[in-house]
Amino acid sequence: LDTALRRRFSFEEMMPKPELLTKIQLTKGDPKSDIDLKEVLKKINDRIIVLKDREHQIGHSYFMGHDDKNEDGSDKYPNKEEWLTNVFKDKIIPLLQEYFYGDYKKIYYVLGPGFVEKKTEKTIFAVENPDYDEFDIPEERYDIASFDAEFDIKDAIEKMKVQKLDSGTGATAESEESKDKE
């Protein structure tokens, strides 16, 4: 089927176009709640290119539609924070789970600690100093964050934007700028 389609049609590569994205204001009338979706998409795709390849980039359409209107002119998505949270929860994260086949550490590298929680296995065992080498237990585990009432999409995106990989170690580290804010 693929060969038959290629004989009859030409295929044009469609790469993500972050320049088509706008800022989204999570709280109406509060410019401090603005999130630059173009910057978010670029950051995610830059990381995906490094960890996977350029063909697995996320398209700009995932972040479009937040300003859609109903037939009566009212806002189709009045709660922008909920809309953006659902984009990550229902679209971006499942796609990354498929891309990385359960390697949540790579999803952590793409989205950061606001979306993927890093846990130390030593905390789940009652034994104070078990011989981890004997059982080949990894020291870290990564879980998708709980998108409950306490989840803050703005905070998660800010953590994603400042996350950097330590050179040579593969470990993540927050930038000095984010440490100064705390």
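Treat the numbers as computed from the prediction; the structure is a model and nothing was measured.

(A) A nonpolar patch on the surface, seen in detail. The grouping of L1, L5, F9 and F11 at the surface amounts to a nonpolar patch, some 490 Å² of accessible area in total. The topology assignment puts L5 in helix α1 (residues 2-8).

(B) Spatial organisation of the packing of aromatic side chains. Summed over all chains, the structure comprises 7 aromatic pairs. For the ring pair F88 and F115, a centre distance of 4.5 Å and an interplane angle of 20 degrees mean the geometry is stacked. Remark: F115 occurs in the loop between α4 (104-111) and β3 (116-120) and F88 occurs in helix α3 (residues 80-100); sequence separation between them is 27 residues. Using a relative accessible area of 0% as the deciding quantity, one classes F115 as buried. On the numbers, 6.3 Å between centres and 55 degrees between planes, the contact of Y108 with Y109 is tilted. The same class applies to Y108 and to Y109, which are both buried. Among the aromatic residues, those joined into a ring-pair cluster are F63, F88, F115, F147 and F151.

(C) Layout of unusual backbone geometry. Positive phi, close to 45 degrees, is recorded for Y101, a residue that is not glycine. Judged by relative accessible area, Y101 falls into the exposed class, the value being 71%.

(D) Structural view of helix α6 (residues 153-162). Among the residues making up α6, those that are buried are I153, A156, I157, M160, K161 and V162. The N-cap residue of α6 is D152: its side-chain oxygen and the backbone nitrogen of K154 are 3.2 Å apart.

(E) Spatial organisation of α4. All of the buried residues along α4 are I107, Y108, Y109, V110 and L111. Two residues or fewer past α4, G112 is found with a positive phi of approximately 90 degrees.

Parameters and conventions
Residues numbered from 1 in each chain as written. Predicted model: local features only at pLDDT ≥ 70, side-chain atom pairs only at ≥ 80, totals over all residues. Heavy atoms only, no water. Patch = residues over 30% accessible without salt bridge, like charges linked within 9 Å, V, L, I, M, F, W, Y side chains within 5 Å. Areas by Shrake-Rupley, 256 points an atom, 1.4 Å probe, with all protein chains shown as cover. Salt bridge = Lys/Arg side-chain N within 4 Å of Asp/Glu carboxyl O. Helix = DSSP H or I, 4+ residues; strand = E, 2+ residues; numbered from the N terminus. Phe/Tyr/Trp six-rings, centres within 6.5 Å; stacked < 30°, edge-to-face > 60°. Buried < 20%, exposed > 50% of the residue type's maximum accessible area, 1.4 Å probe, protein only. Polar contact = N/O pair within 3.5 Å; in protein donor to acceptor, adjacent residues only side chain to side chain.

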